[in-house]
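This is what each chain is made of:
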Amino acid sequence: MGAFYGSKILNGETNPKTGKVWKLEDVPSLWKPKAEKWLEDY
């Protein structure tokens, strides 16, 4: 799931809940550390 959210951030996809581009702050807290790690390693 880290890659799932990380790719949404990198690709500039729109978050349907906010109507804005995905940001790390939008990632659920359970997956946030894994998304951060994925983005660092990317």
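Shown above is the structure to which this text applies.
Quick look at the structure, then. (Residues numbered from 1 in each chain as written. Predicted model: local features only at pLDDT ≥ 70, side-chain atom pairs only at ≥ 80, totals over all residues. Heavy atoms only, no water.)

Let's shift gears to the overall build of the protein chain. Tallying secondary structure elements over the protein chain gives two helices and zero strands in all. Within the protein chain, counting contacts between residues at least 6 apart in sequence, those at least 24 apart form 37% of the total. Carbon and sulfur atoms form 55% of the exposed surface of the protein chain, whose accessible area is close to 3,200 Å². For the protein chain, the centre of its 7 positive side-chain charges and the centre of its 6 negative side-chain charges are spaced 5 Å apart. (Helix = DSSP H or I, 4+ residues; strand = E, 2+ residues; numbered from the N terminus. Contact = heavy atoms within 4.5 Å. Areas by Shrake-Rupley, 256 points an atom, 1.4 Å probe, with all protein chains shown as cover. Lys, Arg positive; Asp, Glu negative; His and termini not counted. Charge placed at Lys NZ, Arg CZ, Asp CG, Glu CD.)

With that settled, consider the packing of helix 1 (residues 2-11) against helix 2 (residues 32-41). At a minimum axis distance of 8 Å, the contact between helix 1 and helix 2 shows a crossing angle of 60°. Considering their axes alone, helix 1 and helix 2 lie oblique with respect to each other. As helix 1 runs across helix 2, the sense of the crossing is right-handed. Of the residues in helix 2, those touching helix 1 at Gly2, Ala3, Tyr5, Gly6, Ser7, Ile9 and Leu10 are Lys34, Ala35, Trp38 and Leu39. Among the residues forming the contact of helix 1 with helix 2, the class breakdown is seven nonpolar, three polar and one charged. (Axes fitted to C-alpha atoms, helices over the stretch in contact; angles between N-to-C directions. Parallel < 35°, antiparallel > 145°, perpendicular 65-115°, else oblique. Left-handed = near helix turned anticlockwise from the far one by under 90°. Nonpolar A, V, L, I, M, F, W, Y, C, P; charged D, E, K, R; others polar.)

Next up on the list: the packing of aromatic side chains. According to the stated counting rule, one finds three aromatic pairs in the structure shown. An angle of 80° between the planes, with centres 5.0 Å apart, marks the rings of Phe4 and Tyr5 as edge-to-face. A relative accessible area of 41% places Phe4 in the partly exposed class. Measuring from centroid to centroid gives 5.4 Å for Tyr5 and Trp22, while their planes differ by 55°, and the two rings are tilted. Of this pair, Tyr5 sits in helix 1 while Trp22 sits in the loop between helix 1 and helix 2, and the two are 17 residues apart along the sequence. Taking relative accessible area as the criterion, Tyr5 reaches 10% and is therefore assigned buried. (Phe/Tyr/Trp six-rings, centres within 6.5 Å; stacked < 30°, edge-to-face > 60°. Buried < 20%, exposed > 50% of the residue type's maximum accessible area, 1.4 Å probe, protein only.)

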